[in-house]
Amino acid sequence: MKRNLALFLFLALAAVLTPSAFAQQSEQPVTGAVYQDPSVPTPQRVDDLIAHMTLEEKVSQLTHTADAIPRLGVPQYDWWNEGLHGVARAGFATVFPQTIGMAATFDEPLLHKVATAISTEFRAKYYASLHGDGSSDWYYGLTVWSPNINIFRDPRWGRGQETYGEDPYLTSRMGVAFVTGLQGDDPKYLKTVATPKHFAVHSGPETTRHTVDVQASKHDMEDTYFPAFRATVMEGKAESVMCAYNSINGEPACSNKDLLQEHLRNSWGFQGYVVSDCGAVSDIFQGHHFTKTMEEGSASAFKTGMDLICSYPPDHAGFERDAVLKAVHEGFLTEAEVDRSLRRLFTARFRLGMFDPQAMVPYSKIRPDENDSEANSQLALQTARESIVLLKNKNNFLPLKKAYATIAVIGPNADSLDALVGNYNGTPSKPVTIVEGLQRRFPQSKIVYVQATGLIGPVTKPVPSDDLYTDDSKKEHGLSGDYFSNRDLEGPSVFSRTDANVDFTWLNKGVNSQLLQNYSVRWTGVLVPPEDGSYLLGFSGQDGYRLWLDGKLLVEDWTLHHPPSTNTKLVTLKKGQAYSIKIEYFQSIRFSEAHLVWNMPGHDEQDAMDAVRKADLVIGVFGLSAKVEGEEMRVHADGFAGGDRTSIDLPAPQEKLLEQVSAAGKPTILVLLNGSALAVNWANKNVPAILEAWYPGENGGTAVAEALAGDFSPSGRLPVTFYKSADQLPPFDDYSMANRTYRYFTGEPLYPFGYGLSYTSFAYSNPRVQNLMNATGGSVTVSVDVTNTGAMAGDEVVQLYLTHKGVARAPLRALKSFQHVHLNPGQKQTVTFSLNSDQLSTVDEAGSRRIVPGIVDVWIGGGQPVTPSDLPKPAGVAAQFTISQASTIVDLPSTGKTITPQ
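The paragraphs below set out a description of the structure included in this document. (Residues numbered from 1 in each chain as written. Predicted model: local features only at pLDDT ≥ 70, side-chain atom pairs only at ≥ 80, totals over all residues. Heavy atoms only, no water.)

### Considering the environment of L772
With respect to the element layout, L772 can be found in the loop between β30 (762-771) and β31 (780-788). Taking the relative accessible area as the measure of exposure, L772 reaches 42% and is therefore partly exposed. Put simply, L772 and F178 are 594 residues apart on the chain and 31 Å apart in space, counted from C-alpha to C-alpha. (Helix = DSSP H or I, 4+ residues; strand = E, 2+ residues; numbered from the N terminus. Buried < 20%, exposed > 50% of the residue type's maximum accessible area, 1.4 Å probe, protein only.)

What follows is the structure, given as structure tokens:
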């Protein structure tokens, strides 16, 4: 009887606890749980929340698009947010100079202010998102995938613009300043989460990043590639780190035990979470063939210490979640290992205040009106001013000493928004291009602007509405557009309309609320040229596009690609003739662009030369933009490959135009806007004045015009070496630091790292060294007096370099400290540097960092002690001290400095 009763109870319970019953039970809201109590310590709250979750719910949190779990009160959250030099891809925001330009300021406190402003704008947008639809939308979150602290070891790398340059010390200091500014200083809550990337050896080529196995010696890892990551983790307390695509010494970066376990977590004590670069977990299996299956690949990443998958394309999240779930079911990954990653992820979300009443979170008081503020715009202007590097100033031609009646402004970057903002950028609400800045600053001058050439070919512009018609009747201008809610132009269109032309940049809002991403468009109509001639006709877009002219396929790139690619073909067209035109286009993600472009027959170069001949002063604005250098791009031109460059020269069409303009004999100034070094050898010999302005941000035009006028003295310094030719460099895919960067380069550069001229002059005197080194370490203090001996107030970047004589594998010289100071005419200031064990150490062949006995040469000045013979020598003084104690291994965790905002 008892057995029958027991069986009955078992069967009854089994009938109740069916899967559907479990599902119904799981929908009941949880109340009164420990994790819901803000007074409970965060670790306990996190553990309690995880304990309430099913395995499926846990896995739903392991991709960057984390699902909502309504019964637990867990909101949906998108971890993917970009903020290299301002809130990116989230509508209007303050756009600061691109990262490489911020590095040129050599100003840590300023960078901390910039990052603080950026984090404020992230909070402002997050508030708007929460109070809009109650969720954190893509790019409106608080987990910021910045800064990029990879070493810019080779100027051919297209993404080098995102970094702080080639020097590990400069990158460390700027990286720490940025991380601490992003994360704030509240003892309990994070303002945002900073994510230094891409850990740790990653700097091109772009074309092989998903498959390459980078080989780096232990010396180069410790001497060059690790310092900035160690500093941002140990000193900056970065809450997150992003692992890279490539393999390093035999293991994929997101599954690399040496990186993620031995160094990041064991040696540096990192407690935060690791997020993969987007698609990098799939690369473990598909690109590197490190595992036999996707399940094993994802398991390998989580077991090694990666915690969050960034899915790419974003709609692959389901595929990658399935792989993780299967990995658990098949025994490749344990649920305890899943819980470990969840613990790190939810710790960050709790510390961001996402599970607490907003009144408790100090940063929740930041409102939307603090985004894109006038104060932040002025900070962007200040940063742009400090970033400008004066490369040449023959006979003190600058600042301009008289009013010029007519100024010809020539070049592809003179009126270009692209050249202001670089990549990973926001949208400036009031951008000032170089032409606009000159017009405002020199209202007494007639400014004549002629683009004259594109960056890498002829000028192309959107085909205007006046030359487009919906059909042969020519009654209505524009093209007929059919819009589909899928990427394949299938089924009935969602809507149809007449578009004046095809010249769209839809940003993150998509076409409309119906078509945010994964949509397609078909435009049809006729093209009626305004004159006879040979036209370059084509399309620029991301993602896929096809263009037909009179029924013949003209250009096609039916692939996923970001940023946009441009394809054109030469066609002969007759004035007034109607040519049928059809465009098919699809877009997978937001931030889409679609442009029907052409080059009208004309005389671009002739127009430029006419303007030059009539001008009293010529300003050429040349260089690059993120349309030709950047991440994994499709650029079809000599000197460029996959987003990288194969040549570091000024692109040939621009070089030709510059030489033609200069031949006219008019006073000429060259302004460069670019994200990487340019070998402007001809200009250095023939153009009187050259300014390097990088991608200077929303107020770049104002800053450049003020610099030319002499409203301030340029103080920027090069954070990278400008070589004379790519022939001076080792192979691009060789990650050895031999003969790379100023620290190991044995040739003569065009312009050296740390170089930059001024409108005033400085003198250095009275160097003093106090050596407090002992057997256990200690420090060395170096002081010097710096005096502004010129007639103009100015900033000086005081740089300290060390050379360790006779020490194997030591750099030729290495920047070990710097200060950015402002001095009025005649003003003297004592600048003091305190060098700790880390700064005094060198790295041996085995990768050990040591204090080595011997003589150490010190140079303190406005640049390096060694300068090419044809360049002005920087002011500075030399000193020397001796390390006499026995060789000592440096205790790195005990070293470090703190950035104090000013």
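### Notes on the pattern of salt bridges
Applying the stated criterion to the full structure yields 43 salt bridges. Salt-bridge contacts for E82 lead to K197; the nearest nitrogen and oxygen are separated by 3.4 Å. Highlighted residues: E82 in the loop between β2 (77-78) and α5 (99-103) and K197 in the loop between β4 (193-194) and β5 (213-214), separated in sequence by 115 residues. Pair check on accessibility: E82 and K197 agree, each one buried. (Salt bridge = Lys/Arg side-chain N within 4 Å of Asp/Glu carboxyl O.)

### Some remarks on the sheet that holds strand β8 (residues 251-252)
Here we have three strands laid out as an open sheet, ordered β5-β7-β8, and mixed in their pairing. Each end of this open sheet is capped by a strand with a single partner; those strands are β5 and β8. With two bridges connecting them, β5 and strand β7 (residues 247-248) associate as parallel partners. In the sheet register, D213 faces β7, and the bridge partner there is S247. (Pairing = 2+ DSSP bridges.)

### As for the packing of helix α8 (residues 218-225) against helix α9 (residues 227-235)
Remark: α8 packs on α9, axes separated minimally by 6 Å, with the N-to-C direction vectors making an angle of 55 degrees. Judged by the inter-axis angle, α8 sits oblique to α9. Across from M221, E222, D223, T224 and Y225 in α8, the residues of α9 making contact are P227, F229 and R230. Grouping the amino acids of the contact of α8 with α9 by side-chain chemistry returns four nonpolar, one polar and three charged. (Axes fitted to C-alpha atoms, helices over the stretch in contact; angles between N-to-C directions. Parallel < 35°, antiparallel > 145°, perpendicular 65-115°, else oblique. Contact = heavy atoms within 4.5 Å. Nonpolar A, V, L, I, M, F, W, Y, C, P; charged D, E, K, R; others polar.)

### Description of helix α13 (residues 317-329)
An ideal rise of 1.5 Å per residue puts 18 Å on 13 residues; α13 measures up with 18 Å between its terminal C-alpha atoms. Along α13, the residues classified as buried are A317, E320, R321, A323, V324, L325, A327 and V328. Along its buried surface, α13 packs onto α4 (55-59), β1 (65-66), α11 (280-286), α12 (294-304) and α14 (335-351). Directly beyond the C-terminal end of α13, a positive phi value near 85 degrees is found at G331. (Expected span 1.5 Å × (residues − 1).)

### Structural notes on the state of the cysteines
Covalent bonding between the sulfur atoms of two cysteines is what defines a disulfide. Under the definition given, this model contains two disulfides. The disulfide bridge from C278 ends at C310, spanning 2.0 Å between sulfur atoms. On the S-S bond that ties C278 to C310, the torsion sits near 85 degrees, and the link is right-handed. Remark: C310 occurs in the loop between α12 and α13 and C278 occurs in the loop between β9 (273-276) and α11; sequence separation between them is 32 residues. The pair C278 / C310 is uniform in exposure class, with both members buried. The cystine pairing of the chain, numbering bonded cysteines in sequence order, is 1-2, 3-4. (Disulfide = S-S within 2.5 Å.)

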